[in-house]
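Structure assessment
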Protein chains: 2
Amino acid sequence: MITSREIRLKSRPVGMPNADNFELVTVSVPHPAPGEVQVENLWMTVDPYMRNRMAHRTSYAPSSQPGKEVHGGAIGEIAASNSTMYGWRPSFQLGDALEGGAIGEVAASNDPRFNPGDLVSSVFGLPPQAFLGVAGMPGLTAWVGLLKIATLKPGDVVFVSVAAGAVGSVVCQIAKLKGHTVIGSAGGTAKCAFLKHIGVDHVIDYKVTGDLTEALLHVAPTGIDVYFENVGGEHLEAALAAANPFARFAICGMISQYNAIGLPDGPRNIMFVMGKSLRLEGFNIANYFDHMPEFQREMSRWIHEGKITWKETIEHGIENAPTAFLKLFRGENFGKMLVKLR
Amino acid sequence: MITSREIRLKSRPVGMPNADNFELVTVSVPHPAPGEVQVENLWMTVDPYMRNRMAHRTSYAPSSQPGKEVHGGAIGEIAASNSTMYGWRPSFQLGDALEGGAIGEVAASNDPRFNPGDLVSSVFGLPPQAFLGVAGMPGLTAWVGLLKIATLKPGDVVFVSVAAGAVGSVVCQIAKLKGHTVIGSAGGTAKCAFLKHIGVDHVIDYKVTGDLTEALLHVAPTGIDVYFENVGGEHLEAALAAANPFARFAICGMISQYNAIGLPDGPRNIMFVMGKSLRLEGFNIANYFDHMPEFQREMSRWIHEGKITWKETIEHGIENAPTAFLKLFRGENFGKMLVKLR
């Protein structure tokens, strides 16, 4: 029996979440039961989708319950094992890295969300936290959204919102390495400079530009063919306005809407969906995890070839996980937002 | 040289069109030039899409120009021919029915939009005006939207707006003959009774129901899987609210928006596209005309088997074509809106 600390949802946020919505709780973790392993997490991830689970909604995904731990991604090492067979891998070594499914310092689990083995850094030569970002769920989200949902075609002009984020920055780089003209929107000088650095052709700083539609049409005078949607609101209207006929929108996230109280304004030019034969398609990356092995092979190759890079913003200690989470909604993360546990 | 009368756009409508936006003009039609035929139109059609062409927009479709004739569909008989070879058909007989492309009593044309031969009623045993409705462009729109865009799957619950219209009533009947549960929205007792008559499972009279979302959820407690969008506005919000995960929306029309001055409100719950992995796809039937022969074979068989029926609302004389057109936007048509020329 050892102790661990975990973050629990204290109350459902109304509007913008704040630190009072969370509490840090010390818990006892028993020795793993037969079939279980015990994982000491090294890194935790906080991601925008977690906000939606904190709302009381009937949706495909179970909502987080007040008084219960907040679920999210983590990666750690096996500290104790009472398993000789776990999934398709015959046995575990102490120290093996595992992707976990709960935000805590130590997790004991036979939870199938633990994806052992092929995620460890020894296979791909990447640091473990990369599997929470560029080579994990956010990277897969970029890859699936661009290639499977938006069905990127030769010559497409690609517009990406939240382009310096964990997902958006990978979208930009995949589109660039495939030879596309890429337009990225981000907020602030540092993020925009990073986008230039990774080869984005036209960067829009939405915090200082005036009318976003005008700004987009200015850099995309012949229109856009693909829009990777991470933010919603004014960006979606601009993309609808600039879309060419038959443009495809991968609707990945709408972070500007997550903290809305009541119903936010909808895109007033939604009629372009009809007038320009557009396709808007939302997706939940959880339905595409079967692509993970193919994606990780391709992504690790791109990283080693120097074609994909990434940024991390790190908070230290599980007690700062809520801080990390809240920064997502203030645009204070730059690339992947992570919490380093030890 | 004979005379004909045609409808011209006098001025671009602002908001709801009115009779003053149109004028009836008498023109001289010369004897057909070599390669041309002269068609005396029997029936003209007015359709909602024509409203969008009257606006000054940069879009895929050419806009109607003030002072010029309004283009639309018509079907008529060959009155004179100076052609021995027209398209793939070797020759024309006087009296052959042709689908035309201009709103006029007599048209002389070698316009490729004239689709001769396989549209004539003698082939399918249907009255000629059926090829302006159930067996023509509106019917094809229903067939393509439901089967190719919404990709109807076994078990889908289908919601149709403007369900008693030329397109919507065909959508309802195709979905019913394929065994689906169908929910139709229309305005007024007569239209709703017709929907019941053609087998629609649940009919919503949007003019008397209170909250449309509540009404839809009441008749579709397990949600909808396909939405055939003809109207926009509150109906789109209701469909987004009631949509099941992976629902597909065929965005065919948004007639409630066509006369908007300025930008109308957008769907406030657009975030469901992401949250429920929805696909919203707009389409322009002009890009699917290659399906016409297959569609017409199938549709004429369904009609002769008694599986598909239709309603017509008829105005008489070309001078009443603007009246017929304006009725579309006041919901005063019941099924296909037609103008009988002689």
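Everything quoted here is computed from the prediction, not taken from an experiment. (Residues numbered from 1 in each chain as written. Chains lettered and ligands numbered in written order. Predicted model: local features only at pLDDT ≥ 70, side-chain atom pairs only at ≥ 80, totals over all residues. Heavy atoms only, no water.)

**Describing the environment of Asp 20 of chain A**
Residues and elements named next belong to chain A.
- Residue position: Asp 20 is located in the loop between β1 (2-9) and β2 (22-29).
- Along the backbone, Asp 20 and Val 231 are 211 residues apart, and their C-alpha atoms lie at a distance of 25 Å.
- Apart from residues no more than four positions distant in its own chain, Asp 20 is found in contact with Lys 10 and Ser 11. (Helix = DSSP H or I, 4+ residues; strand = E, 2+ residues; numbered from the N terminus. Contact = heavy atoms within 4.5 Å.)

**Observations concerning the relation of the copies chain A and chain B**
- The transform that puts chain A on chain B rotates by 180° and translates by 0.0 Å along the axis, for an RMSD of 0.0 Å. Overall, the copies show the geometry of a two-fold rotation axis. In terms of C-alpha distance to the rotation axis, chain A has Gly 266 of chain A as its closest residue, with the C-alpha 2.0 Å off the axis.
- Taken together, the interface assignments show that 100% of the residues at the interface of chain A recur at the interface of chain B, consistent with an identical surface on both copies. (Least-squares fit on C-alpha atoms with pLDDT ≥ 70 in both.)

**Let's talk about the pairing of strand β8 (residues 181-186) of chain B**
All names here are of chain B.
- Most of β8 sits inside the fold, with five of its six residues counted as buried.
- Pairing between strand β7 (residues 157-160) and β8: four bridges, direction parallel. Bridging from a neighbouring strand, Val 157 pairs with Thr 181 of β8.
- For the segment spanning β7, helix α4 (residues 168-177) and β8, crossover handedness is right-handed.
- Sheet topology places β8 next to strand β9 (residues 202-205); four bridges connect them, and they run parallel. Looking across to β9, one finds that Ala 186 is bridged to Asp 205.
- Since β8 and β9 lie parallel, the crossover through helix α5 (residues 189-197) that links them has a hand, and here it is right-handed. (Buried < 20%, exposed > 50% of the residue type's maximum accessible area, 1.4 Å probe, protein only. Pairing = 2+ DSSP bridges. Right-handed = clockwise from strand over helix to strand, strands pointing away.)

**Concerning the packing of helix α6 (residues 212-219) of chain A against helix α7 (residues 234-242) of chain A**
Residues and elements named next belong to chain A.
- Close contact between α6 and α7 brings their axes to 8 Å; oriented N to C, the two are set at 40°. In terms of their interaxial angle, α6 and α7 are classed as oblique. Helix-helix and strand crossings are classified by hand; for α6 and α7 the assignment is right-handed. Only Glu 234, His 235, Glu 237, Ala 238, Ala 239, Ala 241 and Ala 242 of α7 make contact with α6, whose side of the interface consists of Leu 212, Thr 213, Leu 216 and Leu 217.
- The class makeup of the residues in the contact of α6 with α7 is seven nonpolar, two polar and two charged. (Axes fitted to C-alpha atoms, helices over the stretch in contact; angles between N-to-C directions. Parallel < 35°, antiparallel > 145°, perpendicular 65-115°, else oblique. Left-handed = near helix turned anticlockwise from the far one by under 90°. Nonpolar A, V, L, I, M, F, W, Y, C, P; charged D, E, K, R; others polar.)

**Digging into the pairing of strand β13 (residues 312-316) of chain B**
- Residue alternation in β13 of chain B divides its side chains into a buried set, Thr 313 and Glu 315 of chain B, and an unburied set, Glu 312, Ile 314 and His 316 of chain B.
- Traced from β13 of chain B through helix α10 (residues 321-329) of chain B to strand β14 (residues 336-340) of chain B, the parallel crossover comes out right-handed.

**Details of helix α5 (residues 189-197) of chain A**
Residues and elements named next belong to chain A.
- Every buried residue of α5 is listed here: Lys 191, Cys 192, Phe 194 and Leu 195. All buried residues of α5 lie within an arc of 155° about the axis, which places them on one face of the element. With respect to the buried face of α5, the exposed residues turned more than 90 degrees away are Thr 189, Ala 190 and His 197.
- The secondary structure elements touched by the buried residues of α5 are α4 (168-177), β8 (181-186) and β9 (202-205).
- Just beyond α5, the residue with positive phi is Gly 199, at close to 100°. (Arc of directions from axis to C-beta.)

**Here's the deal with the side chain of Lys 191 of chain B**
All names here are of chain B.
- Along the chain, the position of Lys 191 falls in helix α5.
- No salt bridge forms around the buried Lys 191; measuring N to O, its nearest opposite-charge neighbour Glu 332 is 9.0 Å away.
- Other than its neighbours up to four places away in sequence, Lys 191 contacts Ala 164, Ala 186, Gly 331, Asn 333 and Phe 334. (Lys, Arg positive; Asp, Glu negative; His and termini not counted. Salt bridge = Lys/Arg side-chain N within 4 Å of Asp/Glu carboxyl O.)

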